[in-house]
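# An overview of the molecular structure
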Amino acid sequence: MADHTALVIIDVQRAMFDESDPVYQGEQLLRNIQKLIGAARDVGHRVIYIQHSEGTGSPLERGTAGWEIHPSIAPLEGDLIVEKETPDSFHETNLQAILLKFGVSKLILTGMQTELCVDTTCRRAFSLGYTVQLIRDAHSTWNSSVLRAEQIIEHHNSVLSIFAHVVDMAHITR
């Protein structure tokens, strides 16, 4: 029987780990995503990377070093990569077609940036009828002018529990 779950890793790209503006708990985030990838592969879940692209001169300009998926979680043969240009991983991408092709009905979400791409993708997946699991301690962001990154993450874990089952890394085996 085919597995109907996919791990979706959102925007974990080299540019997101600039030492001059570090993402909140970046090293722990990478370790948690490595664990998620291993657990997903162990049980046969598809692993899908979402790769954000921006215009010329941007740190996420297509084809630049910053645009590349972080090497510590690099895709393997058989993993899928979906490019996007908006916070919504489904908007004007082939993500929905890929999920339909493989009969995926449940998404496990991880990645960056909590209040933008993770939030938007979570809500959109829910509205499209997917069962969504958001890993509470496997998405991150930066401080804003109003809130610290830790507050943004905790707030979104609370709000997104309307759209997803929010679970801790401690519940992930491997």
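Preceding block: the structure.
Just so it is clear, the model here is predicted, and its values are computed rather than measured.

So, how was this worked out
- Starting afresh in each chain, residues are numbered from 1 along the sequence in its written order.
- Totals for whole chains, interfaces and linings use every residue, but because this is a predicted model, local features are given only for residues with pLDDT of at least 70 and side-chain atom pairs only at 80 or more, for both listing and counting.
- Think of the side-chain values as coming from all heavy atoms in the structure, minus any hydrogens and water.
- By nonpolar core we mean a set of buried residues, namely Ala, Val, Leu, Ile, Met, Phe, Trp, Tyr and Cys, connected to one another through side-chain atoms within 4.5 Å.
- Each residue is assigned to one of three classes by its accessible area relative to the maximum for its type, calculated with a 1.4 Å probe on protein chains only: buried under 20%, partly exposed between the two thresholds, exposed over 50%.
- We count a stretch as a helix when DSSP gives it H or I for four or more residues in a row; a strand needs E for two or more, and each element gets its number in order from the N terminus.
- The contact definition used throughout considers only heavy atoms, calling two residues in contact when any of these lie within 4.5 Å.
- Think of a polar contact as two N or O atoms within 3.5 Å of one another; within protein, one of them needs to be a possible hydrogen donor and the other a possible acceptor, and neighboring residues in sequence only count if both atoms come from side chains.

## What about the nonpolar core?
With 26 residues, the main nonpolar core has Ile9, Val12, Phe17, Ile73, Met112 and Ile135 as its most contacted residues. For this core, the elements supplying multiple residues, two or more each, are β1 (5-10), α1 (26-43), β2 (46-52), β4 (106-112) and β5 (131-140). Other than its neighbours up to four places away in sequence, Val12 contacts Phe17, Leu30, Ile33, Ile69, His70, Ile73, Gly111 and Met112. In this structure, Ile50, Val82, Leu107 and Tyr130 belong to the second largest nonpolar core, which totals 24 residues.

## Quick word on the side chain of Ser53
Assignment of secondary structure puts Ser53 in the loop between β2 and β3 (80-84). By relative accessible area, Ser53 is classed as buried at 4%. At 2.8 Å, the side chain of Ser53 forms a polar contact with the side chain of Trp67. Of note is the side chain of Ser53, whose polar atom sits 3.4 Å from the side chain of Glu83. If sequence neighbours within four positions are ignored, Ser53 has contacts with Leu60, Arg62, Trp67, Glu83, Lys84 and Glu85.

## Let's talk about the side chain of Thr141
By the secondary structure assignment, Thr141 is in the loop between β5 and α4 (149-159). Separated by 3.3 Å, the side chains of Thr141 and Gln113 make a polar contact. Within polar-contact distance, the side chain of Thr141 engages the side chain of Glu115 at 2.6 Å. With near-sequence residues (within four places) excluded, Thr141 lies in contact with Val23, Tyr24, Gln113, Thr114, Glu115, Ala149, Ile152 and Ile153.

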